[in-house]
Amino acid sequence: MAERSAHESELIAKAGRYLAGGTLGNLSEDVILASGRGSRVWDASGREYVDYLLGSGPMLVGHAHPEVVAAVRAQLERGSTFFATNEQAILLAEEISKAMPCAEKVRFCSTGTEATLYAMRVARAFRRRDRILKFEGGYHGMHDYALMSMAPAAPLPFPQPVPDSAGIPRAIESTMLIAPFNDLETTAALIDRHRDELAGVIVEPFQRVLPPRPGFLAGLRELTARHGIPLIFDEVVTSFRLAYGGAQEYYGVTPDLCALGKAVGGGFPLTAVAGRDELMAHFDATRVGREQFLPQIGTLSGNPVATAAGLATVRILKRPGTYERMHALGNRLKAALQQACDRAGVPARVVGEGVLFEVYFTDGEIVDYRSTLRADRQRLVRFVRLLREHGVFRGTSKFYLSIAHDETDFAITARAFEAAAAAAAG
Ligand SMILES: Cc1ncc(COP(=O)(O)O)c(C=O)c1O
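Report on the accompanying structure. (Residues numbered from 1 in each chain as written. Predicted model: local features only at pLDDT ≥ 70, side-chain atom pairs only at ≥ 80, totals over all residues. Heavy atoms only, no water.)

Another point: the site of the ligand. Neighbouring residues of the ligand: Thr111, Gly112, Thr113, Tyr139, His140, Gly141, Glu204, Arg208, Asp234, Val236, Val237 and Lys262. In the model, an oxygen atom of the ligand is placed 2.7 Å from a nitrogen or oxygen of the Gly112 main chain. A distance of 2.8 Å separates an oxygen atom of the ligand from a polar side-chain atom of Thr113. Class assignment of the residues belonging to the shell around the ligand gives a composition of three nonpolar, five polar and four charged. (Near = heavy atom within 4 Å. Polar contact = N/O pair within 3.5 Å; in protein donor to acceptor, adjacent residues only side chain to side chain. Nonpolar A, V, L, I, M, F, W, Y, C, P; charged D, E, K, R; others polar.)

Shown next, in the form of C-alpha coordinates:
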(Lines give C-alpha, C1' and ligand atoms only; values in the text may rest on other atoms or scores of the structure.)
Protein backbone atom coordinates (compact mmCIF):
# COMPACT_ATOMS: atom_id res chain seq x y z
CA MET A 1 0.00 0.00 0.00
CA ALA A 2 1.32 3.44 -1.00
CA GLU A 3 2.25 6.04 1.59
CA ARG A 4 -0.31 8.63 2.71
CA SER A 5 -0.10 11.75 0.51
CA ALA A 6 0.83 15.22 1.76
CA HIS A 7 -2.71 16.34 0.83
CA GLU A 8 -4.38 13.70 3.02
CA SER A 9 -1.96 14.45 5.88
CA GLU A 10 -2.84 18.14 5.66
CA LEU A 11 -6.56 17.35 5.74
CA ILE A 12 -6.10 15.15 8.80
CA ALA A 13 -4.19 17.94 10.55
CA LYS A 14 -6.94 20.41 9.68
CA ALA A 15 -9.62 18.01 10.95
CA GLY A 16 -7.77 17.90 14.26
CA ARG A 17 -7.80 21.68 14.35
CA TYR A 18 -11.48 22.27 13.47
CA LEU A 19 -13.57 19.15 14.13
CA ALA A 20 -14.40 18.18 17.70
CA GLY A 21 -12.38 15.06 18.38
CA GLY A 22 -10.81 15.48 14.91
CA THR A 23 -13.55 13.39 13.29
CA LEU A 24 -17.22 13.15 12.41
CA GLY A 25 -17.56 10.87 15.43
CA ASN A 26 -17.60 7.62 13.49
CA LEU A 27 -14.29 6.31 12.13
CA SER A 28 -10.88 7.18 13.52
CA GLU A 29 -9.08 10.22 12.24
CA ASP A 30 -6.41 8.41 10.24
CA VAL A 31 -8.21 8.22 6.90
CA ILE A 32 -10.15 10.64 4.69
CA LEU A 33 -12.36 8.96 2.12
CA ALA A 34 -12.65 10.86 -1.13
CA SER A 35 -14.79 8.78 -3.50
CA GLY A 36 -16.62 5.53 -4.07
CA ARG A 37 -17.90 3.51 -7.01
CA GLY A 38 -19.56 0.12 -6.82
CA SER A 39 -17.78 -2.00 -4.20
CA ARG A 40 -14.71 0.25 -4.06
CA VAL A 41 -13.69 3.40 -2.20
CA TRP A 42 -10.64 5.64 -2.58
CA ASP A 43 -8.97 7.69 0.12
CA ALA A 44 -7.63 11.22 -0.28
CA SER A 45 -4.22 9.75 -1.15
CA GLY A 46 -5.80 7.91 -4.08
CA ARG A 47 -5.47 4.45 -2.49
CA GLU A 48 -8.17 2.00 -3.55
CA TYR A 49 -9.99 -0.40 -1.22
CA VAL A 50 -12.66 -3.06 -1.46
CA ASP A 51 -15.27 -1.49 0.78
CA TYR A 52 -17.13 -3.46 3.45
CA LEU A 53 -18.17 -0.37 5.39
CA LEU A 54 -20.65 0.87 2.77
CA GLY A 55 -21.19 4.14 4.61
CA SER A 56 -22.13 2.02 7.65
CA GLY A 57 -24.73 0.17 5.62
CA PRO A 58 -26.72 2.49 3.34
CA MET A 59 -24.80 1.74 0.14
CA LEU A 60 -26.36 -1.69 -0.30
CA VAL A 61 -26.43 -1.34 -4.10
CA GLY A 62 -22.84 -0.05 -4.13
CA HIS A 63 -21.47 3.48 -4.30
CA ALA A 64 -22.70 5.87 -7.00
CA HIS A 65 -25.01 3.31 -8.61
CA PRO A 66 -25.90 4.85 -12.00
CA GLU A 67 -29.66 4.46 -11.49
CA VAL A 68 -29.54 6.09 -8.06
CA VAL A 69 -27.32 8.89 -9.35
CA ALA A 70 -29.73 9.51 -12.25
CA ALA A 71 -32.77 9.63 -9.94
CA VAL A 72 -31.03 12.03 -7.56
CA ARG A 73 -29.74 14.26 -10.36
CA ALA A 74 -33.20 14.48 -11.92
CA GLN A 75 -34.71 15.54 -8.60
CA LEU A 76 -31.92 18.00 -7.78
CA GLU A 77 -32.67 19.87 -10.97
CA ARG A 78 -36.31 20.16 -9.92
CA GLY A 79 -35.52 21.40 -6.41
CA SER A 80 -34.02 19.92 -3.25
CA THR A 81 -36.68 20.19 -0.60
CA PHE A 82 -40.19 21.53 -0.14
CA PHE A 83 -41.47 20.56 3.34
CA ALA A 84 -44.51 19.13 1.56
CA THR A 85 -45.56 15.65 0.52
CA ASN A 86 -43.84 14.56 -2.68
CA GLU A 87 -44.52 11.84 -5.23
CA GLN A 88 -41.47 9.69 -4.49
CA ALA A 89 -42.23 9.71 -0.75
CA ILE A 90 -45.70 8.32 -1.46
CA LEU A 91 -44.34 5.69 -3.84
CA LEU A 92 -41.61 4.72 -1.37
CA ALA A 93 -44.16 4.41 1.45
CA GLU A 94 -46.19 2.11 -0.82
CA GLU A 95 -43.07 0.03 -1.53
CA ILE A 96 -42.21 -0.21 2.18
CA SER A 97 -45.77 -1.17 3.03
CA LYS A 98 -45.77 -3.94 0.43
CA ALA A 99 -42.33 -5.16 1.52
CA MET A 100 -42.48 -5.17 5.33
CA PRO A 101 -45.16 -7.38 6.85
CA CYS A 102 -46.04 -5.03 9.75
CA ALA A 103 -46.00 -1.80 7.74
CA GLU A 104 -49.63 -0.81 7.22
CA LYS A 105 -48.65 2.85 7.56
CA VAL A 106 -45.34 4.69 7.20
CA ARG A 107 -43.92 7.96 8.58
CA PHE A 108 -40.56 9.30 7.36
CA CYS A 109 -37.79 10.92 9.36
CA SER A 110 -34.08 11.53 8.72
CA THR A 111 -32.04 9.35 11.09
CA GLY A 112 -32.35 5.94 12.70
CA THR A 113 -32.12 7.72 16.03
CA GLU A 114 -35.33 9.59 15.26
CA ALA A 115 -37.04 6.48 13.94
CA THR A 116 -36.51 4.46 17.13
CA LEU A 117 -37.33 7.48 19.30
CA TYR A 118 -40.71 7.87 17.56
CA ALA A 119 -41.39 4.13 17.59
CA MET A 120 -40.90 4.08 21.36
CA ARG A 121 -43.06 7.18 21.73
CA VAL A 122 -45.86 5.62 19.69
CA ALA A 123 -45.76 2.55 21.93
CA ARG A 124 -45.97 4.77 25.02
CA ALA A 125 -48.86 6.78 23.59
CA PHE A 126 -50.71 3.60 22.63
CA ARG A 127 -50.21 1.83 25.95
CA ARG A 128 -50.37 4.97 28.09
CA ARG A 129 -47.41 3.67 30.05
CA ASP A 130 -43.77 4.78 30.22
CA ARG A 131 -41.36 1.89 30.49
CA ILE A 132 -39.61 0.27 27.55
CA LEU A 133 -37.69 -2.99 27.65
CA LYS A 134 -34.58 -3.16 25.47
CA PHE A 135 -31.81 -5.72 25.17
CA GLU A 136 -28.27 -5.41 26.45
CA GLY A 137 -25.92 -4.66 23.56
CA GLY A 138 -28.80 -3.56 21.33
CA TYR A 139 -28.14 -0.35 19.43
CA HIS A 140 -31.02 1.98 18.63
CA GLY A 141 -29.19 5.22 17.93
CA MET A 142 -28.11 8.13 20.08
CA HIS A 143 -31.16 9.37 22.00
CA ASP A 144 -31.33 9.14 25.78
CA TYR A 145 -33.54 6.02 25.89
CA ALA A 146 -31.41 4.17 23.33
CA LEU A 147 -28.16 4.87 25.15
CA MET A 148 -28.94 2.50 27.98
CA SER A 149 -26.77 -0.64 28.20
CA MET A 150 -25.85 -0.40 24.55
CA ALA A 151 -22.22 -1.22 25.36
CA PRO A 152 -21.72 -1.27 29.12
CA ALA A 153 -18.13 -1.86 30.23
CA ALA A 154 -19.44 -3.26 33.49
CA PRO A 155 -22.98 -4.59 32.99
CA LEU A 156 -25.33 -4.53 35.98
CA PRO A 157 -27.73 -7.31 36.96
CA PHE A 158 -30.82 -7.40 34.69
CA PRO A 159 -32.96 -5.33 34.32
CA GLN A 160 -30.82 -2.41 35.57
CA PRO A 161 -29.61 -0.10 32.79
CA VAL A 162 -26.16 1.43 32.47
CA PRO A 163 -26.12 4.81 30.65
CA ASP A 164 -23.73 4.85 27.69
CA SER A 165 -23.15 8.59 27.59
CA ALA A 166 -22.51 11.52 29.80
CA GLY A 167 -25.31 14.08 29.95
CA ILE A 168 -28.30 11.73 30.14
CA PRO A 169 -30.76 12.69 32.91
CA ARG A 170 -30.77 10.15 35.72
CA ALA A 171 -34.58 10.04 35.49
CA ILE A 172 -34.36 8.25 32.13
CA GLU A 173 -32.82 5.18 33.77
CA SER A 174 -36.02 4.36 35.61
CA THR A 175 -37.94 4.29 32.30
CA MET A 176 -35.82 1.53 30.76
CA LEU A 177 -35.54 -2.17 31.56
CA ILE A 178 -32.64 -4.24 30.20
CA ALA A 179 -32.91 -7.91 29.24
CA PRO A 180 -30.39 -10.43 27.85
CA PHE A 181 -30.68 -11.01 24.08
CA ASN A 182 -31.34 -14.63 23.13
CA ASP A 183 -32.39 -15.56 26.67
CA LEU A 184 -36.13 -16.04 26.43
CA GLU A 185 -36.55 -17.40 29.92
CA THR A 186 -35.05 -14.37 31.69
CA THR A 187 -36.82 -12.00 29.30
CA ALA A 188 -40.16 -13.73 29.84
CA ALA A 189 -39.78 -13.43 33.61
CA LEU A 190 -39.00 -9.68 33.26
CA ILE A 191 -41.94 -9.05 30.96
CA ASP A 192 -44.22 -10.97 33.25
CA ARG A 193 -43.05 -9.08 36.34
CA HIS A 194 -43.32 -5.65 34.69
CA ARG A 195 -46.22 -6.25 32.30
CA ASP A 196 -48.43 -3.59 33.84
CA GLU A 197 -45.76 -0.86 33.51
CA LEU A 198 -44.45 -1.78 30.07
CA ALA A 199 -45.20 0.44 27.08
CA GLY A 200 -43.22 -1.65 24.63
CA VAL A 201 -40.35 -4.01 23.88
CA ILE A 202 -37.72 -2.96 21.36
CA VAL A 203 -35.27 -5.39 19.83
CA GLU A 204 -32.84 -5.58 16.97
CA PRO A 205 -34.14 -8.88 15.55
CA PHE A 206 -30.57 -9.58 14.42
CA GLN A 207 -28.69 -7.84 17.22
CA ARG A 208 -25.59 -6.17 15.77
CA VAL A 209 -24.32 -9.39 14.10
CA LEU A 210 -25.94 -11.90 16.46
CA PRO A 211 -28.65 -14.05 14.88
CA PRO A 212 -31.63 -14.76 17.11
CA ARG A 213 -31.73 -18.27 18.52
CA PRO A 214 -34.50 -20.39 17.01
CA GLY A 215 -37.71 -19.52 18.82
CA PHE A 216 -36.40 -16.33 20.47
CA LEU A 217 -38.26 -13.84 18.27
CA ALA A 218 -41.38 -16.01 18.08
CA GLY A 219 -41.29 -16.28 21.87
CA LEU A 220 -41.00 -12.50 22.23
CA ARG A 221 -43.90 -12.09 19.84
CA GLU A 222 -46.03 -14.51 21.80
CA LEU A 223 -45.19 -12.95 25.19
CA THR A 224 -45.82 -9.36 24.11
CA ALA A 225 -49.02 -10.24 22.25
CA ARG A 226 -50.32 -12.07 25.32
CA HIS A 227 -50.06 -8.87 27.38
CA GLY A 228 -51.01 -6.44 24.60
CA ILE A 229 -47.53 -4.86 24.66
CA PRO A 230 -46.31 -3.46 21.32
CA LEU A 231 -43.24 -5.23 19.94
CA ILE A 232 -40.86 -2.97 18.03
CA PHE A 233 -38.27 -4.36 15.62
CA ASP A 234 -35.37 -2.00 15.02
CA GLU A 235 -34.76 -2.79 11.36
CA VAL A 236 -32.58 0.23 10.66
CA VAL A 237 -29.85 -2.18 9.56
CA THR A 238 -31.85 -5.24 8.51
CA SER A 239 -34.62 -3.67 6.38
CA PHE A 240 -34.10 -4.45 2.69
CA ARG A 241 -30.86 -6.23 3.68
CA LEU A 242 -31.47 -9.63 5.29
CA ALA A 243 -34.33 -9.97 2.82
CA TYR A 244 -36.42 -7.50 0.85
CA GLY A 245 -38.94 -7.56 3.70
CA GLY A 246 -36.20 -7.29 6.33
CA ALA A 247 -35.84 -9.47 9.39
CA GLN A 248 -39.64 -9.75 9.61
CA GLU A 249 -39.67 -11.64 6.36
CA TYR A 250 -36.37 -13.44 6.99
CA TYR A 251 -37.36 -14.84 10.39
CA GLY A 252 -41.10 -14.98 9.79
CA VAL A 253 -42.06 -12.96 12.88
CA THR A 254 -44.17 -9.82 12.51
CA PRO A 255 -43.81 -7.01 15.08
CA ASP A 256 -46.31 -4.22 15.71
CA LEU A 257 -43.92 -1.43 14.78
CA CYS A 258 -40.56 -1.16 13.10
CA ALA A 259 -37.85 1.41 12.51
CA LEU A 260 -36.27 1.39 9.06
CA GLY A 261 -33.12 3.11 7.88
CA LYS A 262 -29.81 2.90 6.08
CA ALA A 263 -30.54 1.22 2.70
CA VAL A 264 -34.06 2.66 2.51
CA GLY A 265 -32.53 6.12 2.00
CA GLY A 266 -30.09 5.02 -0.70
CA GLY A 267 -27.25 6.97 0.92
CA PHE A 268 -29.29 10.03 1.94
CA PRO A 269 -30.75 11.00 5.32
CA LEU A 270 -34.01 9.11 5.19
CA THR A 271 -35.49 6.66 7.68
CA ALA A 272 -38.98 5.62 8.68
CA VAL A 273 -41.26 4.37 11.40
CA ALA A 274 -43.81 1.89 10.15
CA GLY A 275 -46.36 -0.36 11.72
CA ARG A 276 -49.87 -1.46 12.35
CA ASP A 277 -52.53 1.09 11.51
CA GLU A 278 -53.94 1.09 15.04
CA LEU A 279 -50.59 2.29 16.45
CA MET A 280 -49.61 4.57 13.59
CA ALA A 281 -52.95 6.32 14.09
CA HIS A 282 -51.23 8.27 16.88
CA PHE A 283 -49.60 10.39 14.15
CA ASP A 284 -53.10 11.47 13.05
CA ALA A 285 -54.91 13.88 15.38
CA THR A 286 -58.18 13.36 13.52
CA ARG A 287 -58.15 9.70 14.54
CA VAL A 288 -56.87 9.75 18.11
CA GLY A 289 -57.80 13.23 19.32
CA ARG A 290 -55.46 15.94 20.62
CA GLU A 291 -54.65 14.16 23.89
CA GLN A 292 -53.27 11.04 22.21
CA PHE A 293 -51.77 12.79 19.20
CA LEU A 294 -48.04 12.49 18.57
CA PRO A 295 -46.66 15.32 16.44
CA GLN A 296 -43.78 14.29 14.23
CA ILE A 297 -42.26 17.10 12.21
CA GLY A 298 -38.84 17.36 10.61
CA THR A 299 -37.57 19.98 8.16
CA LEU A 300 -36.12 17.27 5.93
CA SER A 301 -38.50 14.38 6.70
CA GLY A 302 -39.25 12.59 3.43
CA ASN A 303 -37.10 15.05 1.52
CA PRO A 304 -37.57 14.46 -2.25
CA VAL A 305 -33.88 13.89 -3.06
CA ALA A 306 -33.65 11.25 -0.35
CA THR A 307 -36.93 9.59 -1.32
CA ALA A 308 -35.81 9.55 -4.98
CA ALA A 309 -32.57 7.81 -3.94
CA GLY A 310 -34.46 5.41 -1.67
CA LEU A 311 -37.02 4.52 -4.31
CA ALA A 312 -34.33 3.90 -6.95
CA THR A 313 -32.42 1.75 -4.45
CA VAL A 314 -35.31 -0.49 -3.42
CA ARG A 315 -36.33 -0.95 -7.07
CA ILE A 316 -32.83 -2.26 -7.80
CA LEU A 317 -32.93 -4.53 -4.74
CA LYS A 318 -36.32 -5.94 -5.75
CA ARG A 319 -34.93 -7.60 -8.88
CA PRO A 320 -34.98 -11.40 -8.88
CA GLY A 321 -31.96 -13.16 -7.41
CA THR A 322 -30.58 -10.15 -5.47
CA TYR A 323 -30.69 -11.72 -2.03
CA GLU A 324 -29.71 -15.23 -3.13
CA ARG A 325 -26.57 -13.85 -4.81
CA MET A 326 -25.64 -11.58 -1.91
CA HIS A 327 -26.07 -14.27 0.74
CA ALA A 328 -24.14 -16.81 -1.37
CA LEU A 329 -21.10 -14.55 -1.84
CA GLY A 330 -21.23 -13.41 1.78
CA ASN A 331 -21.35 -16.98 3.04
CA ARG A 332 -18.23 -17.76 1.01
CA LEU A 333 -16.52 -14.71 2.53
CA LYS A 334 -17.49 -15.84 6.02
CA ALA A 335 -16.07 -19.29 5.33
CA ALA A 336 -12.86 -17.81 3.88
CA LEU A 337 -12.43 -15.66 6.99
CA GLN A 338 -12.94 -18.58 9.35
CA GLN A 339 -10.52 -20.73 7.34
CA ALA A 340 -7.86 -18.02 7.28
CA CYS A 341 -8.05 -17.72 11.08
CA ASP A 342 -8.04 -21.49 11.57
CA ARG A 343 -5.01 -21.89 9.30
CA ALA A 344 -3.16 -19.14 11.18
CA GLY A 345 -4.03 -20.79 14.50
CA VAL A 346 -5.96 -17.74 15.70
CA PRO A 347 -8.98 -18.65 17.85
CA ALA A 348 -11.91 -17.07 16.03
CA ARG A 349 -15.66 -17.22 15.59
CA VAL A 350 -17.20 -15.72 12.48
CA VAL A 351 -20.73 -14.73 13.44
CA GLY A 352 -23.70 -13.39 11.47
CA GLU A 353 -25.21 -13.76 8.03
CA GLY A 354 -23.63 -13.52 4.59
CA VAL A 355 -24.81 -9.93 4.15
CA LEU A 356 -23.56 -8.80 7.57
CA PHE A 357 -20.99 -10.53 9.74
CA GLU A 358 -18.11 -10.12 12.15
CA VAL A 359 -15.18 -12.08 13.49
CA TYR A 360 -14.72 -12.44 17.25
CA PHE A 361 -11.27 -13.55 18.35
CA THR A 362 -12.24 -16.14 20.93
CA ASP A 363 -12.89 -19.87 21.28
CA GLY A 364 -16.16 -19.26 23.12
CA GLU A 365 -19.64 -19.28 21.66
CA ILE A 366 -21.01 -15.82 20.81
CA VAL A 367 -24.73 -15.53 21.55
CA ASP A 368 -25.24 -12.25 23.41
CA TYR A 369 -23.52 -9.04 24.45
CA ARG A 370 -21.70 -10.53 27.45
CA SER A 371 -20.18 -13.31 25.35
CA THR A 372 -18.79 -10.70 22.92
CA LEU A 373 -16.86 -9.13 25.81
CA ARG A 374 -14.73 -12.28 26.05
CA ALA A 375 -13.29 -11.75 22.56
CA ASP A 376 -9.87 -10.17 22.04
CA ARG A 377 -10.77 -6.62 21.02
CA GLN A 378 -7.16 -5.48 20.58
CA ARG A 379 -6.56 -8.27 18.08
CA LEU A 380 -9.65 -7.13 16.14
CA VAL A 381 -8.35 -3.56 15.99
CA ARG A 382 -5.02 -4.93 14.65
CA PHE A 383 -6.82 -7.18 12.17
CA VAL A 384 -8.89 -4.28 10.80
CA ARG A 385 -5.72 -2.24 10.31
CA LEU A 386 -3.93 -5.12 8.61
CA LEU A 387 -6.86 -5.66 6.26
CA ARG A 388 -6.71 -2.02 5.27
CA GLU A 389 -3.02 -2.37 4.47
CA HIS A 390 -4.04 -5.20 2.14
CA GLY A 391 -6.70 -3.13 0.36
CA VAL A 392 -9.79 -4.11 2.35
CA PHE A 393 -11.76 -1.38 4.10
CA ARG A 394 -14.23 -1.94 6.91
CA GLY A 395 -15.43 -0.22 10.05
CA THR A 396 -14.77 -1.17 13.62
CA SER A 397 -17.69 -3.48 14.10
CA LYS A 398 -18.67 -5.60 11.08
CA PHE A 399 -18.49 -6.47 7.40
CA TYR A 400 -21.35 -5.12 5.26
CA LEU A 401 -21.82 -6.71 1.83
CA SER A 402 -23.42 -5.04 -1.21
CA ILE A 403 -24.83 -6.30 -4.48
CA ALA A 404 -21.80 -4.70 -6.18
CA HIS A 405 -19.26 -7.08 -4.60
CA ASP A 406 -18.04 -9.65 -7.11
CA GLU A 407 -15.56 -12.47 -7.66
CA THR A 408 -12.61 -10.09 -8.04
CA ASP A 409 -13.48 -8.52 -4.69
CA PHE A 410 -13.79 -12.00 -3.21
CA ALA A 411 -10.32 -12.97 -4.44
CA ILE A 412 -8.70 -9.76 -3.10
CA THR A 413 -10.51 -10.14 0.22
CA ALA A 414 -9.70 -13.83 0.68
CA ARG A 415 -5.99 -13.05 0.12
CA ALA A 416 -6.21 -10.16 2.59
CA PHE A 417 -7.85 -12.47 5.16
CA GLU A 418 -4.95 -14.92 4.86
CA ALA A 419 -2.29 -12.24 5.19
CA ALA A 420 -3.99 -10.37 8.02
CA ALA A 421 -4.81 -13.52 10.02
CA ALA A 422 -1.20 -14.70 9.72
CA ALA A 423 0.10 -11.31 10.86
CA ALA A 424 -2.47 -11.04 13.67
CA ALA A 425 -1.48 -14.48 14.99
CA GLY A 426 1.63 -13.06 16.63
C1 LIG B 1 -29.96 -0.96 14.64
C2 LIG B 1 -29.72 0.52 14.56
N3 LIG B 1 -30.66 1.35 15.02
C4 LIG B 1 -30.51 2.69 14.95
C5 LIG B 1 -29.38 3.25 14.41
C6 LIG B 1 -29.21 4.74 14.38
O7 LIG B 1 -29.30 5.20 13.08
P8 LIG B 1 -28.68 6.63 12.69
O9 LIG B 1 -27.19 6.47 12.73
O10 LIG B 1 -29.22 6.89 11.31
O11 LIG B 1 -29.19 7.61 13.70
C12 LIG B 1 -28.37 2.42 13.92
C13 LIG B 1 -27.15 3.00 13.33
O14 LIG B 1 -26.19 2.33 13.05
C15 LIG B 1 -28.54 1.02 13.99
O16 LIG B 1 -27.58 0.18 13.58
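Moving on to the sheet that holds strand β9 (residues 257-260). To summarise the sheet geometry, strands pair through backbone hydrogen bonds and adopt either a parallel or an antiparallel arrangement. Pairing is mixed across the open sheet formed by seven strands, whose spatial order is β4-β10-β9-β8-β7-β5-β6. Among the strands making up the open sheet, the edge pair consists of β4 (105-109) and β6 (176-179). Averaged over all pairs of adjacent strands, the angle between their axes in this sheet comes to 20°, without regard to strand direction. Note that strand β8 (residues 231-235) and β9 share four bridges and pair parallel. (Pairing = 2+ DSSP bridges. Helix = DSSP H or I, 4+ residues; strand = E, 2+ residues; numbered from the N terminus. Axes fitted to C-alpha atoms, helices over the stretch in contact; angles between N-to-C directions.)

This brings us to the sheet that holds strand β11 (residues 349-353). Within the open sheet, the three strands sit side by side as β11-β12-β14. Their pairing is antiparallel. Both edges of this open sheet fall to β11 and β14 (399-400), since each of them pairs with a single strand only. The strands touched by helix α12 (residues 322-344) are β11, β12 (356-360) and β14; relative to β11, the strand with the most contacts, the crossing angle is about 170°. (Contact = heavy atoms within 4.5 Å.)

The subject of this paragraph is the packing of helix α3 (residues 87-99) against helix α11 (residues 304-317). Relative orientation of the contacting elements α3 and α11 amounts to 40°, with a least axis distance of 8 Å. Remark: the crossing between α3 and α11 carries left-handed chirality. Residues Gln88, Ala89, Leu91, Leu92 and Glu95 of α3 touch α11, and the partners they reach there are Pro304, Thr307, Ala308, Gly310, Leu311, Val314 and Arg315. (Left-handed = near helix turned anticlockwise from the far one by under 90°.)

On to the pattern of salt bridges, then. Pairing between side chains becomes possible if they bear opposite charge and their charged atoms approach one another. Within this structure, the stated rule accounts for 23 salt bridges. In this structure, the salt-bridge partner of Glu173 is Arg170, at a minimum N-O distance of 2.8 Å. With Glu173 and Arg170 both in helix α5 (residues 170-173) and three residues apart, the pair spans about one turn of that helix. For Arg170, a relative accessible area of 66% gives the class exposed. Residues Glu358 and Arg394 are paired through a salt bridge, measuring 2.7 Å at the closest nitrogen-oxygen approach. Of the two residues, Glu358 sits in strand β12 while Arg394 sits in the loop between β13 (392-393) and β14, which places them 36 residues apart along the sequence. Classification of Glu358 as buried rests on a relative accessible area of 1%. Here the residues in one salt-bridge network are Arg221, Asp256, Arg276 and Glu278, joined through shared partners. (Salt bridge = Lys/Arg side-chain N within 4 Å of Asp/Glu carboxyl O. Buried < 20%, exposed > 50% of the residue type's maximum accessible area, 1.4 Å probe, protein only.)

Note on aromatic pairs: each is described by the distance of the centres and the angle between the planes. Evaluated as defined, the whole model comprises 10 aromatic pairs. The interplanar angle of 70° and the centroid separation of 5.7 Å between the aromatic rings of Tyr52 and Phe399 together place this pair among those described as edge-to-face. Of this pair, Tyr52 sits in the loop between β3 (48-51) and α2 (66-76) while Phe399 sits in strand β14, and the two are 347 residues apart along the sequence. For the pair Tyr52 and Phe399, a shared accessibility class is recorded, and that class is buried. Every member of this aromatic cluster is reached through a ring pair, and the members are Tyr52, Phe357, Phe399 and Phe417. Directly above the aromatic system of Tyr145 lies the positively charged group of Arg124, at a separation of 4.5 Å from the ring centroid. (Phe/Tyr/Trp six-rings, centres within 6.5 Å; stacked < 30°, edge-to-face > 60°. Lys NZ or Arg CZ within 6 Å of the ring centre and 35° of its normal.)

With 18 residues, helix α15 (residues 407-424) extends 25 Å between its outermost C-alpha atoms, agreeing within 8% with the 26 Å of an ideal straight helix rising 1.5 Å per residue. Buried positions along α15 lie against β2 (40-43), β3, α12, α14 (377-389), β13 and β14. At the N-terminal boundary of α15, the capping side chain belongs to Asp406, with an oxygen 3.1 Å from the backbone nitrogen of Thr408. (Expected span 1.5 Å × (residues − 1).)

Moving on: the nonpolar core. If you look at the biggest cluster of nonpolar residues, it comprises 95 residues, and the most contacted ones within it are Ile96, Phe240 and Phe383. With near-sequence residues (within four places) excluded, Phe383 lies in contact with Leu337, Val359, Phe361, Phe417, Ala420, Ala421 and Ala424. Counting 27 residues, the second-largest nonpolar core is a separate cluster that includes Cys109, Ile202, Val273 and Phe283. (Core = buried A, V, L, I, M, F, W, Y, C linked by side-chain atoms within 4.5 Å.)

Quick look at helix α7 (residues 216-227) now. The first and last C-alpha atoms of α7 sit 17 Å apart over 12 residues, in line with the 16 Å expected at 1.5 Å per residue. Phi for Gly228, located one or two positions after α7, is positive at around 70°.

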